[in-house]
Amino acid sequence: MRKKLNILAVGDPAVYVYIHPSYQIVARYMEKEKIEVNFDIVPWETYYDFLQETFEGKRNYDIVMVAGHLWLYDFVRKNLLAPVEYPQEGNYDFDDILASVRREMRIDDKTFLYPSFCDGHMILYRKSIVKKVLGKFLDEIITTDQLISYVKAVHGEKGMYGIALKAHPSEIFLDILPYFRNEGVEIFDETTCLPKFNETKGIIAVEKYLSLRQYAPGDTGNFGNEEVRLAFQKRKAIFIVTWGGQLGQIINDECDDIDDIGFSTFNTSWNVVWSFGINAKTLQKEDANKFLVYLTTKEIDRIVGSYAGSPVRYSTYRIDKNKYPWYELHLNMVENISKPLPQVPNLSTKLGYLYKELTNAFRNLKTPAEALNDAEKSILLC
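Residues numbered from 1 in each chain as written. Predicted model: local features only at pLDDT ≥ 70, side-chain atom pairs only at ≥ 80, totals over all residues. Heavy atoms only, no water.

A. The arrangement of the overall build of the protein in detail. Of the regular secondary structure elements, the protein holds 16 helices and twelve strands. Since a compact globule built from 382 residues should have a radius of gyration of about 21 Å, the 21 Å found for the protein is in line with a globular shape. Principal-axis analysis of the C-alpha atoms gives the protein an extent of 60 × 50 × 30 Å. Residue burial in the protein is summarised as follows: out of 382 residues, 57% are buried. Across the protein, the fraction of contacts at a sequence separation of at least 24, relative to all contacts at a separation of at least 6, is 78%. (Helix = DSSP H or I, 4+ residues; strand = E, 2+ residues; numbered from the N terminus. Rg over C-alpha atoms; globule rule 2.2 N^0.38 Å. Buried < 20%, exposed > 50% of the residue type's maximum accessible area, 1.4 Å probe, protein only. Contact = heavy atoms within 4.5 Å.)

Now the structure itself:
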């Protein structure tokens, strides 16, 4: 009987590179290794539920995608992932993987993940409009306060909105996160793991983010990756804040004004490395590990970089930096600027309350103060 690997992957635009007919990444492996690979891609909104059902044994997947440090601590603590071993010899070149990415793949001196692509805060804007109104291009690193002032200044130019916000209920917390950090507010205490956001500065952070609604499309509260991409590509918004893993899709071969697109990032940015892990319950650990070694080689990383926009190897940034104008800034964001969230037990569940309450605030169902207070109460009870 032919061997078969089942992979559960998140429905991020970057992930489709693995099954894209132009690249044949998975198809080539199946042909060479004479193994069947079932690569299922599930929408972000329902992905975590699929993941939990896999760990509970209700779904059969040997390999699963993991949102790096966001989930790794809990999954390792619960013995849901098997440790992995990177090749130390040959042309794999473990040290070519970004140092910050290598650190994110590890817990307690053991490696559990293979990196796929990065998702960190990146700001895109229309250079011609910004230069006309502000008299200059943006610095590569800005604050959330600066972004707000720039959005206000350019709003309405050429009939465009100042910004498109990624404020869908499944996206809103991470869209607001840099605003919390700009006010000096961390979400959880690194030592006690208790929430820290429910304070005056936290309320100010949410209020500042909400002030951008008046410069965004009326339905921006339903915007995820796709809607933000289209708003920018179709010249409906002058500014967007998106993920590094979306850049390849936003600035693709069909984009006819690449030279008019500027790039910046927040000094309070966050990044996560979407990665592949091996289900601790699988009986095919050796085959799974072999497949993931292939999926994270230098050759594949360059393809992922060209498609997604956010590679994880130094060599890709070095070789292709002149092809993709955001690469140097993106590398700096990932390696030097972005800061992870602290390792907190049941982090995803706790953040779920924040997503819910921030959505309530965005939709004027609660004041920012009420929303943060209710989120804190729920987190302390869970």
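B. Just the nonpolar core, in detail. Counting residues in hydrophobic clusters, the biggest one holds 139 residues, and the most contacted among them are Tyr18, Phe239 and Phe291. With eight residues, the top contributor of residues to this core is strand β7 (residues 113-126). The residues touching phenylalanine 239, leaving out its near neighbours within four places in the chain, are Ile123, Leu124, Tyr125, Val130, Leu138, Leu147, Tyr150, Val151, Val154, Gly162, Ile163 and Ala164. (Core = buried A, V, L, I, M, F, W, Y, C linked by side-chain atoms within 4.5 Å.)

C. Representation of unusual backbone geometry within the structure. For lysine 34, which is not glycine, the phi torsion reads 55 degrees and is therefore positive. Following the sequence through the fold, lysine 34 ends up in the loop between α1 (25-33) and β2 (36-42). Classification of lysine 34 as exposed rests on a relative accessible area of 51%. Although it is not a glycine, cysteine 193 sits at a positive phi angle of roughly 70 degrees. Tracing the backbone shows cysteine 193 in the loop between α7 (172-182) and α8 (200-210).

D. Molecular detail of the pattern of salt bridges. This model, assessed by the stated rule, comprises 21 salt bridges. With a closest N to O distance of 3.3 Å, lysine 132 and glutamate 157 form a salt bridge. Taken together, the residues span a long stretch of sequence, with lysine 132 in helix α5 (residues 127-134) and glutamate 157 in the loop between α6 (144-154) and β9 (161-164) at a distance of 25 residues. With its nearest N and O atoms 2.9 Å apart, the salt bridge here joins glutamate 357 to lysine 366. (Salt bridge = Lys/Arg side-chain N within 4 Å of Asp/Glu carboxyl O.)

E. Examining the pairing of strand β11 (residues 261-266) more closely. Within β11, six of the six residues are buried, leaving the element largely enclosed by the surrounding structure. Direction of pairing for β7 relative to β11: antiparallel, over a ladder of four bridges. Its bridge partner lying in β11, tyrosine 125 is registered against glycine 262. Both strand β8 (residues 141-142) and β11 contribute to a ladder of two bridges, which runs parallel. (Pairing = 2+ DSSP bridges.)

F. Examining the packing of aromatic side chains more closely. Within the structure shown, the criterion is met by 29 aromatic pairs. Seen from their ring centres, phenylalanine 291 and tyrosine 294 are 6.5 Å apart, and the 40 degrees between their planes marks the pair as tilted. Within this pair, phenylalanine 291 and its partner tyrosine 294 are both found in helix α11 (residues 285-295), separated by three residues, close to a single helical turn. By relative accessible area, which is 16% here, tyrosine 294 ends up buried. These aromatic residues form a ring-pair network of at least three members: Trp44, Tyr47, Tyr48, Phe55, Trp71, Phe75 and Trp274. Note that arginine 59 overlies the ring of phenylalanine 50, its terminal NZ or CZ placed 3.8 Å from the centroid. (Phe/Tyr/Trp six-rings, centres within 6.5 Å; stacked < 30°, edge-to-face > 60°. Lys NZ or Arg CZ within 6 Å of the ring centre and 35° of its normal.)

G. Molecular detail of the pairing of strand β10 (residues 237-243). Here β10 lies mainly inside the structure; seven of its seven residues are buried. By the bridge criterion, five bridges tie β7 to β10 in an arrangement that is antiparallel. Counterpart to tyrosine 125 in the pairing with β10 is phenylalanine 239. Where β9 meets β10, three bridges bridge the pair, whose relative direction is parallel. Within β10, the position partnered with isoleucine 163 by the bridge is phenylalanine 239.

Function cannot be read off these values alone, since they describe shape.
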